[in-house]
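Report on the structure
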Amino acid sequence: MKGYAKACANIALAKYWGKSDEVLNLPAVPSVSVTLDALVTETTVERDASLSGDEVVIDGARDEKAARKVTALLDLVRAQAGVSLDDPRRFARVSSENHFPAASGLASSASGFAALTAAGARAYGAELSLEALSALARRGSASAARSLFGGFVELPAGVPGDGSLAARMLHPPSWWDVRVVIALVTKAPKAVASRDGMRETARTSPYWSAWLACSPGYAHAVKEAIAKRDLEALGSTMEASTFAMHASAWAAVPAVRYVRGVTLDVLDRVEALRRAGTGAWATMDAGPHVKVLCAAGDAERVAAAMRDAPGVIDVRVASPGDGVVVA
Ligand code: 2P0
């Protein structure tokens, strides 16, 4: 009757941007990620006969918009578990805690929906494989499908109508001891939800077709670089995927723009690090923060350079993290 799960966020090394099926939430392009141990969400789902609807508290507060998404995902879990519409314990009290700033492009929806799906399946008695949990979590947020797994993870592009699409682990966290230095530049929520940003990019950007054409190549090159543990190849392909994704969004009408001035200043710092001989490569998601990929031995130098950058308010260092833990 109660489920708890802990999941880590992940960062895309080859980016997902855009859908091939909005109803089933299938990505239009393949993506590859690394799960991050420093960005954790813990979620509890507890069924309660006194409730007439799900009660959702995220980071101590009630949020109607988030609650609707949580209920939509739990409805899928309840359907899988065979919970009937008149089950007296149909609804649940959901409490979720993000151990990092949520809704600002730090992938809280990835760890959040991964933890919710796993905790919900436990609470409703649905015995599901990690793959089945991943396919369910994908309905909440496609990047969440990747957060069920630890280490280096792939989510293929979806074929419209195929609701079984799940992520899969390519290599465990121990495969490669890289670091991701996260430079936070604001605590404000992001201006455009990634879902809306993707839709507008697909609808109006002249670069949408170019993005679709080049994405599979990025995913392929990223997988090869991970398999060979080639940090320079991984870093430069990750940057290419990042800038192509942001360029496609920026060309939407009106523009979908996530970077801010401070983001560009941090990117200059990353280039300066590289010129000075430190292997460091940057990526941004649907928000202004910069995440810098580097070798474990360079993480302190990179973190110090980020801390020193004007406009950076917090710096965290993450390692490849584990997949979901359920209790
Ligand atoms: C990613 N992002 O691959 C890409 C890169 C942002 C930029 O996945 O619509 O919250 O819920 O499936 O997964 C953020 O989008 O979007 C994201 P939905 P999601 O990590």
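Residues numbered from 1 in each chain as written. Predicted model: local features only at pLDDT ≥ 70, side-chain atom pairs only at ≥ 80, totals over all residues. Heavy atoms only, no water.

In terms of domains, the protein chain is made up of domain 1 (2-173) and domain 2 (178-318). A C-alpha centroid distance of 23 Å is found between domain 1 and domain 2. Domain 1 puts 34 residues into the contact, and the matching count from domain 2 is 43 residues. Both sides together, the interface formed by domain 1 and domain 2 hides about 3000 Å², and carbon and sulfur atoms give 71% of it. Our count for the contact surface shared by domain 1 and domain 2 stands at 3 salt bridges. Summed over the shared surface of domain 1 and domain 2, the number is 9 residue pairs in polar contact (both at pLDDT 80 or more). Looking at side-chain class alone, the side of domain 1 that touches domain 2 contains 20 nonpolar, 8 polar and 6 charged residues. (Domains from an automatic or database assignment. Contact = heavy atoms within 4.5 Å. Buried area = accessible area lost by both parts, 1.4 Å probe. Salt bridge = Lys/Arg side-chain N within 4 Å of Asp/Glu carboxyl O. Polar contact = N/O pair within 3.5 Å; in protein donor to acceptor, adjacent residues only side chain to side chain. Nonpolar A, V, L, I, M, F, W, Y, C, P; charged D, E, K, R; others polar.)

What follows deals with the sheet that holds strand 12 (residues 290-295). In any sheet, the strands associate via hydrogen bonds between backbone groups, in a parallel or an antiparallel arrangement. Within the open sheet, the 4 strands sit side by side as 11-12-10-13. Their pairing is antiparallel. Taken across any chain shown, the strands that pair with only one partner, and hence form the sheet edges, are strand 11 (280-283) and strand 13 (314-318). The average angle at which neighbouring strand axes cross in this sheet is 25°, direction not considered. Bridge count for strand 10 (residues 178-184) against strand 12 is 6 bridges, and the pairing is antiparallel. If you follow Val 181 over to strand 12, its bridge partner there is Val 292. Lying on the sheet, helix 8 (residues 261-275) is in contact with strand 11 and strand 12; it crosses strand 11 at an angle near 160°. The sheet contacts of helix 9 (residues 299-307) involve strand 10, strand 11, strand 12 and strand 13, and relative to strand 10 the element is tilted by about 10°. (Pairing = 2+ DSSP bridges. Helix = DSSP H or I, 4+ residues; strand = E, 2+ residues; numbered from the N terminus. Axes fitted to C-alpha atoms, helices over the stretch in contact; angles between N-to-C directions.)

What follows covers the pattern of salt bridges. Side-chain pairs of opposite charge can arise whenever the charged atoms involved come near each other. Considering all chains together, one arrives at 21 salt bridges under this definition. Its salt-bridge partner being Glu 22, residue Arg 199 comes within 3.2 Å of it at the nearest N-O pair. With Arg 199 in helix 5 (residues 194-204) and Glu 22 in the loop between strand 2 (19-21) and strand 3 (26-27), this residue pair connects regions lying 177 residues apart in the sequence. By relative accessible area, Arg 199 is classed as partly exposed at 34%. The partly exposed category is assigned to Glu 22, whose relative accessible area is 45%. Of the charged contacts, one joins Arg 93 and Asp 48 as a salt bridge, the two residues approaching to 2.4 Å between their closest N and O atoms. Taken together, the residues Arg 93 in strand 7 (residues 92-98) and Asp 48 in the loop between strand 4 (31-47) and strand 5 (55-58) connect sequence positions 45 residues apart. Put simply, Asp 48, Glu 55, Arg 62 and Arg 93 are held in one network by salt bridges that share partners. (Buried < 20%, exposed > 50% of the residue type's maximum accessible area, 1.4 Å probe, protein only.)

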